Amino acid sequence: MSSEKSADDARQVWDVVVVGAGPAGASAAYAAAVAGRSVLVLEKAELPRYKTCGGGIIGPSRDALPPGFELPLRDRVHAVTFTLDGKFSRTRRSRKTLFGLINRPEFDQQLVEYAQKAGAEVRTGVTVARVEQHGPAVPDRRTVAVVLQGGETVLARAVVGADGSASRIGAHVGVKLDQVDLGLEAEIPVPATVAEDWAGRVLIDWGPMPGSYGWVFPKGDTLTVGVISKRGEGAATKRYLEDFVARLGLAGFEPSISSGHLTRCRSDDSPLSRGRVLVCGDAAGLLEPWTREGISFALRSGRLAGEWAVRIAEAGDAVDARRQALNYAFAVKAGLGVEMGVGRRMLTLFERRPGLLHTAIAPARARYRRPASSSCTPASHRANRASSRSASPPW
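Residues numbered from 1 in each chain as written. Predicted model: local features only at pLDDT ≥ 70, side-chain atom pairs only at ≥ 80, totals over all residues. Heavy atoms only, no water.

(A) Region of interest: the overall build of the protein. Within the protein, the regular secondary structure consists of 10 helices and 19 strands. Relative to its full complement of 395 residues, the protein shows a buried share of 56%. Within the protein, residue pairs in contact and separated by at least 24 positions form 74% of the contacts whose partners lie at least 6 positions apart. Split by element, the accessible area of the protein, about 16,600 Å² in all, is 50% carbon and sulfur. (Helix = DSSP H or I, 4+ residues; strand = E, 2+ residues; numbered from the N terminus. Buried < 20%, exposed > 50% of the residue type's maximum accessible area, 1.4 Å probe, protein only. Contact = heavy atoms within 4.5 Å. Areas by Shrake-Rupley, 256 points an atom, 1.4 Å probe, with all protein chains shown as cover.)

Here you go:
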């Protein structure tokens, strides 16, 4: 790995500094490190750490992983049960795996280890206060200063912001958001008999508030249960989660973790760069607007950010750096941007006509029936499996 020394102060200048060690940051670090560049990852938490996330790994996520990466799957999903606010239950099955389920601490840690094996250096327990591209902390126009809390300065030829939905690097770039949602989630340990009922199957419940939905993702002896809706409806969202858990017959089990998180989607005209600084993943507001799925967007945008950060690090002047940053933005918008546009249209339809969408996603060969309040409990789904048919999940 190469390193440079500033002529002024003999400090190391990293080719690429990545802020954040989640899927986006680890992917960016890996992409830059395998290109032979010096890479430093700065993460404020100690790893591994918990993240509020369902942990569903869909096809685009698998395709964006480093070569040879073995997913730490907790379950493989072959069936999806859909309900409309607890009613009109319908289970659809596939002989093939629809998607996999992971725990984020294990998954994120493994991604970071892949970046380290590729040559990236990782520092945890450090918080980035700001980045500066001009001023006394910046020795020349090809350098960005990353200022840590406490005053330490780290120098880089390019910076990738992957520091989550409340990103300080995103604020520097000027990321604009047009959708903010609140997700609440509980990790609920369950007995083996309950876990067996849920194995290989998830539940998606289209919720009572416009645009809301809930989920149950089985992960061995734990069920990840959560709901999401628009920000500003915190009390109603909390009630939805409580009612959802009770309806499932899970209220008697004590969650090991209860958490909340805001998801943020970028507006179409939101910038993805400023000077020699790029943003990706949640820091850029990149996620699917309808399902709020973010792992695949993080992995794919992180890889792109790492690849173009290398080009920006090599740029000899501001004009060349700007050209590379625009190429990165074009690559993101041409792929992920198109998917987000489709997701926005789906969310609009879902908000207005959830029943129509439920029928379209889970058309009944057999007659729908209105189940009793207990019909969404794990044991009741055994009967549903016999009448279900192959399908892909909505995301």
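Don't stop here, the text continues.
(B) Summary view of the packing of aromatic side chains. Inspection of the entire model under this criterion finds 10 aromatic pairs. Each ring, one from F69 and one from F107, has its centre 5.9 Å from the other, and the planes form 80°; the classification is edge-to-face. In this pair, F69 is assigned in the loop between α2 (59–63) and β5 (73–77) and F107 in helix α3 (residues 104–117), connecting sequence segments 38 residues apart. On the accessibility criterion, F107 (0% relative accessible area) is buried. An aromatic cluster is built from F82, W206, Y213, W215, W290 and F350, whose rings are joined through pairwise contacts. Of note, R311 hangs over the ring of W308, and the distance from its end group to the ring centre comes to 4.6 Å. (Phe/Tyr/Trp six-rings, centres within 6.5 Å; stacked < 30°, edge-to-face > 60°. Lys NZ or Arg CZ within 6 Å of the ring centre and 35° of its normal.)

(C) Seen up close, the sheet that holds strand β14 (residues 201–206). Ordered in space as β7-β6-β14-β15-β16-β13-β17, the 7 strands form an open sheet in which the pairing is mixed. Edge positions in the sheet fall to β7 (87–93) and β17 (257–266), since each of these pairs with one other strand and no more. Across the sheet, the mean angle separating the axes of adjacent strands is 20° when strand polarity is ignored. Pairing of strand β13 (residues 177–189) with β17 involves 10 bridges; the strand directions are antiparallel. Note on β17: the bridge partner recorded for L177 is R266. Contacts from helix α8 (residues 318–352) reach β13, β14, β16 (222–230) and β17 within the one sheet, and its direction differs from that of β17 by about 110°. The sheet strands contacting helix α9 (residues 354–361) are β6 (79–84), β7 and β14, and the helix crosses β6 at an angle near 155°. (Pairing = 2+ DSSP bridges. Axes fitted to C-alpha atoms, helices over the stretch in contact; angles between N-to-C directions.)

(D) Geometry of the pattern of salt bridges. All chains considered together, the criterion is met by 17 salt bridges. The partner of R74 in a salt bridge is E106, with the nearest N and O atoms 2.3 Å apart. A residue pair is termed long-range when its members are at least 10 positions apart, and R74 in strand β5 and E106 in helix α3 qualify at 32 residues. Using a relative accessible area of 37% as the deciding quantity, one classes R74 as partly exposed. On the basis of relative accessibility, which here comes to 30%, the residue E106 falls in the partly exposed class. Put simply, E132 and R130 hold a salt bridge, and the shortest N to O gap is 2.7 Å. Residue E132 is classed as buried on the basis of its relative accessible area of 18%. What makes R130 partly exposed here is its relative accessible area of 43%. Salt bridges here are not isolated pairs; linked through shared partners, they connect D85, K87, D205 and R247. (Salt bridge = Lys/Arg side-chain N within 4 Å of Asp/Glu carboxyl O.)

(E) Geometry of the nonpolar core. Counting residues in hydrophobic clusters, the biggest one holds 72 residues, and the most contacted among them are V17, F107, V146 and Y328. Per-element accounting of this core gives the leading share, 11 residues, to helix α7 (residues 295–314). For V146, the residues in contact, after removing those within four places along its chain, are V17, L42, V128, R130, V131, E152, T153, V154 and V159. (Core = buried A, V, L, I, M, F, W, Y, C linked by side-chain atoms within 4.5 Å.)

(F) Examining α7 more closely. Between its first and last C-alpha, α7 extends 29 Å over 20 residues, near the 28 Å set by a 1.5 Å rise per residue. Where burial is concerned, most of α7 is hidden: 16 out of the 20 residues are buried. (Expected span 1.5 Å × (residues − 1).)

(G) Looking closely at unusual backbone geometry. Along the chain, L47 connects to P48 via a cis peptide bond; the corresponding omega equals -5°. Position of P48 among the secondary structure elements: in the loop between β3 (39–43) and β4 (56–57). Despite not being glycine, D85 has its phi angle at roughly 50°, a positive value. If you trace the backbone, D85 turns up in the loop between β6 and β7.

(H) A look at the layout of surface pockets. Counted as a void, the second largest pocket has a volume near 260 Å³. Every residue lining the second largest pocket is counted, 14 residues in all, and those nearest its centre are Q133, H134, R141, G275 and A318. If you tally residues by element for the lining of the second largest pocket, the top one is α8, at 3 residues. A breakdown of the residues in the lining of the second largest pocket according to their chemical character gives 4 nonpolar, 5 polar and 5 charged. (1 Å grid on protein atoms, 1.4 Å probe; cavity = no way out; pocket = protein on both sides within 12 Å on 5 of 7 lines; lining within 4 Å. Points joined across faces, edges and corners; volume = space filled by probe spheres on them. Nonpolar A, V, L, I, M, F, W, Y, C, P; charged D, E, K, R; others polar.)

(I) Quick peek at the environment of R300. Position of R300 relative to the elements: it lies in helix α7. Considered as a pair, R300 and P23 are 277 residues apart in the sequence and their alpha carbons are 9.2 Å apart. Leaving out residues up to four positions away in the same chain, R300 has contacts with P60, A64, L336 and E339. Among the polar contacts listed, one links the side chain of R300 to the side chain of E339, at a separation of 2.8 Å. (Polar contact = N/O pair within 3.5 Å; in protein donor to acceptor, adjacent residues only side chain to side chain.)

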